[in-house]
Amino acid sequence: MDNVNLDVRHQHYELFLQEIEGIDDYWGPTFRAIYDGDEHQKFMEQLDTRIKNHDRDIERMCNFHYQGFIDSIRELLQVRSQAQKLNSEVVEMDEALQKSAAKVMEKSEELVRARKVEKNIAGAIENLSLCLPVLNTYAKLQKQMSEKRYYPALKTLEQLEHHHLPTVANYRFSHQMKESIPKLRDSIKDASMSDLKDFLENIRKFSPKIGEVAMRHTAEQMGNSDPGIVGRKKKRQAPPPPNPFTGEVAEPTPGLDTEEDLSAQDLIDFSPVYRCLHIYSVLSSRDIFETYYRKQRKKQARLVLQPPTNMHESIEGYRTYIHSVVGFFVVEDHILNTGNGLVNRSYLDEVWGMALSKIMNALRTHSAYCTDANLMLKIKNLIMLFSNTLRNYGYSVNQLSELLAEIRVHYNEVLMKRWVQVFREILDEENFLPIQVPDQAQYDQIVAAFPFQDLALEKSSFPKRFPFSPLVPKVYQQVKEFIYACLKFSEDLNLSQGEVDDMIRKSTNLLLTTSFSGCLSSIFKKPSLALMQIIQILIDTGYLEDATTYLEEFVSNITGSPREGQLGSRGQGHLFRVARDDAERQICDKLKAKLDEFLELEDYDWLLIEPQGHASSFITDLIAFLDSTFQSFTNLPAKVAQEACKSACEHIAKSMLDFLLNEDVKQISTGALQQINLDTIQCEQFAASEPVPGLEEGILLQYFAALRQLLDLLMSWDWPTYFHDYGQENSKYQLVNPNNAITILEKIREADKKTMFSVLKKSERDKKKLLDTVLRQLRQLAMTAQQQ
């Protein structure tokens, strides 16, 4: 059994030794297994035994190979000398080889470097070939931007972004370009908008010039080249706007014709609008651009439509204003036709409708301030040219015709004021004496100036005397000039002959019935105007009124309308009714004033004992004056002469009665009454002599009836009849006022007191008693009449 165990252990140790001998790297598990068995001492013994066995094997092997080893040593010593010799040869060969290879190495290095440069060049060429399209496209983009070709620049930028830059995405400049693309796009957008703003600013400045050229072309088509209306031609070319990127201003294109050869649109470069529209369309912002453009143009329209404050002072103000308006709408019409829908007809109609009302208000307001007829004619022609120009561009201008009709009314009013001054100058220079011509030449001149025919005057010898003063032909010619002036405004207004004729007739009627008649009425108020001058004016107005038939014929000839007989209601005395009424009043007033000059010469002796036996001298002179005056009334209308005669008789009768009732006269004798009676008889004889034809029989005597009844009563002392018939219609003394009778009786009583011895006579005492009784009864009668 022990032998068996010994064999097992021996085998086990053998196994460990084999592991140690077979494994060179890691013996840890083997040693752990040896020491774990607590028999490592025996193992060490077994190991020593094994070492000894190996030593015996080594020794035995060495003994076996020792002679061969000695031989090898001997051979090795021999090889040593040969190796040294070979080494020397190799060293020599190496040195020679290095010397010969040095130049080859140098050339090879040069070749390597050249090959590397060649490779780099090829790589650079290849890379540059990829970059060149990008750089060329970028350069093209910069050139297009410098040339303000914004829309192609956007296309180039899009091509650069999507086609070229992806091929060079690894390069740093590619990233920089890619990052700058949004900025470039915004720059193009901003530059185009800046260019548009410059365009809007330029168009605002050049709109008047565009309007002027457009209106000049219209005027040339109409055959109107009046520089006072269309303005004078100027050789001028609109400067191009500056480049928004570089700030450079391009030189004007040489060889362009003067502006009269250019259309209105040729004066302005509209490309900024088109470019900006294309750019915003590409950038999907067309609506924003349209809104901005229309908003800005509406603002400009409001500025254009504001007239200058002093526009009414000269035609230049009107022309500048209208040129600006026309220029604005000509530009908008051009944008409508070429702007690819940037503005449409509805928008343009809206702006024009707003503008038209403002234009009419401005022209209406400023023309209302105008007081120069010639300027108003220019305004009318300018408005017509304005209307025709805009009509040619498709704008509705019907309301301007209504405005011209309103201005025509004001023009006629201005003419009225102008002719009022003319009439005043004529009246101020006129002496109102009948025209007297010494020879046939002057006679023919007067007849040519005024349509007057008188066979008796033609057959009479020189000097010949016309019944009218120079006022008549002068006024007649001025009325014709007024008609011509009225007709000037109606020219080219597309009015019918009837409308023109009606306007001229109404204006002429108004001129004569209001303006000239008013001038006459004002001159009648001059205190220096003599009675005979007023009479001559009335005679002149009669001839002017009769001459309206020739004015009607004149109007019919120049208007082509049939004569209607509406001018002045001739032949009825209505043309100068107001002036005639004023003249009649003035004649009566002047006549009364002249009569007062005679009546102021009254020198009655109120205590006269016996009358003179004839009329007083002042009454005789007064009657003589009236006779001569009424003889000069033969050319006056009968009614005027009759009214003047009635007024004169009434004034004389009243003045004679006032002599008796005057408070300054304290006593009146019987002789004085008889003298007044003689004077009254003289006046009554004049009244009965029919100084003016056509008066009713006895009508002038009625003005002396009250004075006559009073004098008859006082002189006949017929008081019983007076008191008995008082208040009855058929009373003999119906017109005697009790108060007047009382006043005169009291003065008679005072005169009787001056006779110292009259009281001694019984007849005088009886007369005094009777006088007291009459006065008492008259006072009672007057009191009763006052109570009633």
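A. Broad picture of the overall build of the protein. Scanning the protein from terminus to terminus reveals 26 helices and 2 strands. Here the protein holds 788 residues, and 41% of them are scored as buried. Taking as baseline every contact in the protein between residues at least 6 positions apart, the subset at least 24 positions apart corresponds to 78%. Accessible area for the protein stands at about 44400 Å²; split by element, carbon and sulfur atoms hold 51% of it.

B. Main features of the side chain of Thr-680. Looking at the element boundaries, Thr-680 is found in helix α22 (residues 670–688). The residues contacting Thr-680, other than those within four sequence positions of it, are Met-656, Leu-707, Arg-708 and Leu-711.

C. Region of the structure containing the environment of Glu-458. Within the secondary structure layout, Glu-458 lies in helix α14 (residues 455–459). Classification of Glu-458 by relative accessible area gives partly exposed; the value is 40%. Along the backbone, Glu-458 and Tyr-443 are 15 residues apart, and their C-alpha atoms lie at a distance of 9.1 Å.

D. Region of the structure containing the side chain of Ser-507. Tracing the sequence through the fold places Ser-507 in helix α16 (residues 497–524). What makes Ser-507 buried here is its relative accessible area of 7%. Setting aside anything within four residues of it in sequence, one finds Ser-507 in contact with Asn-412, Met-416, Phe-482 and Cys-486.

E. Representation of helix α18 (residues 548–559) within the structure. Here α18 is 12 residues long and its end C-alpha atoms lie 16 Å apart, about the 16 Å a rise of 1.5 Å per residue gives. The set of residues buried in α18 consists of Thr-548, Leu-551, Glu-552, Phe-554, Val-555, Ser-556 and Thr-559. Against α15 (471–490), α16 and α17 (531–546) lie the buried residues of α18.

F. Structural detail: the nonpolar core. Trp-352, Phe-386, Ile-587, Leu-626 and Phe-630 are the most contacted members of the largest nonpolar core, which totals 181 residues. Tallying contributions element by element places helix α12 (residues 398–429) first for this core, with 13 residues. For Leu-626, the contacting residues outside a window of four places in its chain are Leu-591, Leu-595, Ala-648, Ile-652 and Phe-686.

G. Examining the packing of aromatic side chains more closely. For the structure on display, the rule yields 29 aromatic pairs. Relative to Phe-686, the ring of Phe-630 has its centre 6.1 Å away and its plane inclined at 20°; by these criteria the two rings are stacked. Placement of the pair is Phe-630 in helix α20 (residues 617–631) and Phe-686 in helix α22, with a sequence separation of 56 residues. Since its relative accessible area comes to 4%, Phe-630 is described here as buried.

H. Quick peek at the state of the cysteines. By the definition in use, this model includes 0 disulfides. Residue Cys-683 stays outside any disulfide, its sulfur separated by 8.2 Å from that of Cys-649, the closest cysteine.

I. Quick look at a nonpolar patch on the surface. Taken together, the side chains of Tyr-66, Phe-69, Ile-73, Leu-76, Leu-77 and Val-79 define a hydrophobic patch exposed on the protein surface, amounting to about 610 Å² of accessible area. Topologically, Tyr-66 is positioned in helix α3 (residues 40–146).

J. Summary view of the environment of Pro-473. Following the sequence through the fold, Pro-473 ends up in helix α15. In this structure the C-alpha to C-alpha distance between Pro-473 and Phe-450, which are 23 residues apart in sequence, comes to 5.0 Å. Pro-473 has contacts with Ile-435, Ala-449, Phe-450 and Phe-468, leaving out every residue within four places of it along the chain.

K. Spotlight on the packing of helix α21 (residues 638–661) against helix α23 (residues 705–716). Closest axis-to-axis distance for the α21/α23 pair is 9 Å, and the angle between their directions is 35°. Across the interface between the two elements, Ala-653, Met-656, Leu-657 and Leu-660 from α21 touch Leu-707, Leu-710 and Leu-711 from α23. Looking at side-chain class alone, the contact of α21 with α23 contains 7 nonpolar, no polar and no charged residues.

L. Just the pattern of salt bridges, in detail. Evaluation of the coordinates by the stated rule reveals 17 salt bridges. Taking the shortest distance from any N to any O, the salt bridge between Asp-71 and Arg-74 comes out at 3.3 Å. With Asp-71 and Arg-74 both in helix α3 and 3 residues apart, the pair spans about one turn of that helix. What makes Asp-71 partly exposed here is its relative accessible area of 33%. Residues Glu-212 and Arg-216 are paired through a salt bridge, measuring 2.8 Å at the closest nitrogen-oxygen approach. Pair noted here: Glu-212 and Arg-216 are both in helix α5 (residues 172–222), with a separation of 4 residues, about one helical turn. Through salt bridges with shared partners, one network takes in Lys-209, Glu-212 and Arg-216.

M. Unusual backbone geometry, seen in detail. Cis geometry is found at the peptide bond from Phe-462 to Pro-463, where omega equals 0°. Among the secondary structure elements, Pro-463 is positioned in the loop between α14 and β2 (464–465). Located in the positive-phi region is Phe-432, a residue other than glycine, with phi close to 55°. Assessed through its relative accessible area of 3%, Phe-432 is described here as buried. In this model, Glu-690 sits at a positive phi of 55°, which is unusual for a non-glycine residue. Summarising the element assignment, Glu-690 is placed in the loop between α22 and α23.

Cut-offs and rules
- Residues numbered from 1 in each chain as written.
- Predicted model: local features only at pLDDT ≥ 70, side-chain atom pairs only at ≥ 80, totals over all residues.
- Heavy atoms only, no water.
- Helix = DSSP H or I, 4+ residues; strand = E, 2+ residues; numbered from the N terminus.
- Buried < 20%, exposed > 50% of the residue type's maximum accessible area, 1.4 Å probe, protein only.
- Contact = heavy atoms within 4.5 Å.
- Areas by Shrake-Rupley, 256 points an atom, 1.4 Å probe, with all protein chains shown as cover.
- Expected span 1.5 Å × (residues − 1).
- Core = buried A, V, L, I, M, F, W, Y, C linked by side-chain atoms within 4.5 Å.
- Phe/Tyr/Trp six-rings, centres within 6.5 Å; stacked < 30°, edge-to-face > 60°.
- Disulfide = S-S within 2.5 Å.
- Patch = residues over 30% accessible without salt bridge, like charges linked within 9 Å, V, L, I, M, F, W, Y side chains within 5 Å.
- Salt bridge = Lys/Arg side-chain N within 4 Å of Asp/Glu carboxyl O.
- Axes fitted to C-alpha atoms, helices over the stretch in contact; angles between N-to-C directions.
- Nonpolar A, V, L, I, M, F, W, Y, C, P; charged D, E, K, R; others polar.

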